[in-house]
Amino acid sequence: MNKLPNCPQCSSVYTYEDGALLVCPECGHEWSLDAGSAGGEEEKVIKDANGNVLADGDTVTVIKDLKVKGSSSVLKIGTKVKNIRLVEGDHDIDCKIDGFGAMKLKSEFVRKA
Ligand SMILES: [Zn+2]
């Protein structure tokens with residue numbers, strides 16, 4: 001029987017396999033063995049709405065009206081965003097927009113310009 005690795009989050013030994021995923025019943029963490037520590041640092045690929053790979057410094061266009069968090073302004077569809085920076089997380093684009101300042105966007109709502 002294969003020994004499953006401990007949970008990377010809480011070190012629980014009670015991990016189990018669920019399809020391609022490993023699941024920790026104690027903290028609820030799910031992860032896949034392939035993306036684990038074995039292959040070293042994995043470059044995260046962030047793609048725009050059309051599936052084009054984005055890179056730091058790219059210019060993108062917003063493809064839908066987006067509400068700006070913490071304000072009543074709306075980032076209009078078609079707004080150009082220059083010099084994006086890719087980051088980890090739910091909102092994976094860090095950028096500065098004229099008139100809005102620094103903000104974060106989701107890559108699924110932009111298109112490479
Ligand atoms: Zn855990």
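Residues numbered from 1 in each chain as written. Predicted model: local features only at pLDDT ≥ 70, side-chain atom pairs only at ≥ 80, totals over all residues. Heavy atoms only, no water.

**As for the sheet that holds strand 10 (residues 101-105)**
The strand order across the open sheet built from three strands is 8-9-10, with neighbouring strands paired in antiparallel fashion. What marks the edges here is a single partner per strand, and that holds for strand 8 (85-86) and strand 10. Across five bridges, strand 9 (residues 93-97) lies against strand 10 in antiparallel orientation. Counterpart to Ile97 in the pairing with strand 10 is Gly101. (Pairing = 2+ DSSP bridges. Helix = DSSP H or I, 4+ residues; strand = E, 2+ residues; numbered from the N terminus.)

**Comments concerning the coordination of the zinc ion**
Listed as protein donors to the zinc ion are Cys7 (SG), Cys10 (SG), Cys24 (SG) and Cys27 (SG); their distances from the metal cover 2.3 Å. Sequence positions of the donors to the zinc ion reduce to the motif C-x2-C-x13-C-x2-C. Under the relative-accessibility criterion, Cys10 is labelled partly exposed at 35%. (Donors = N, O, S within 2.8 Å, 3.2 Å for Na, K, Ca; no water. Buried < 20%, exposed > 50% of the residue type's maximum accessible area, 1.4 Å probe, protein only.)

**Some words on the sheet that holds strand 2 (residues 21-23)**
Across the sheet, three strands lie side by side as 1-2-3; this open sheet has antiparallel pairing. The outermost strands of the open sheet, each flanked by one partner alone, are strand 1 (16-18) and strand 3 (30-32). Adjacent strand axes in the sheet meet at a mean angle of 40° when their direction is disregarded. Pairing of strand 2 with strand 3, which is carried by three bridges, proceeds in the antiparallel orientation. (Axes fitted to C-alpha atoms, helices over the stretch in contact; angles between N-to-C directions.)

**Comments concerning unusual backbone geometry**
Trans is the prevailing form of peptide bonds, just as negative phi is the prevailing case for residues other than glycine. The phi dihedral of Ser11 is positive, around 65°, even though this residue is not glycine. The backbone phi angle of Asn83 is positive, close to 55°, even though this residue is not glycine. Its place among the elements puts Asn83 in the loop between strand 7 (80-81) and strand 8. On the basis of relative accessible area, Asn83 is assigned to the exposed category, the value being 57%.

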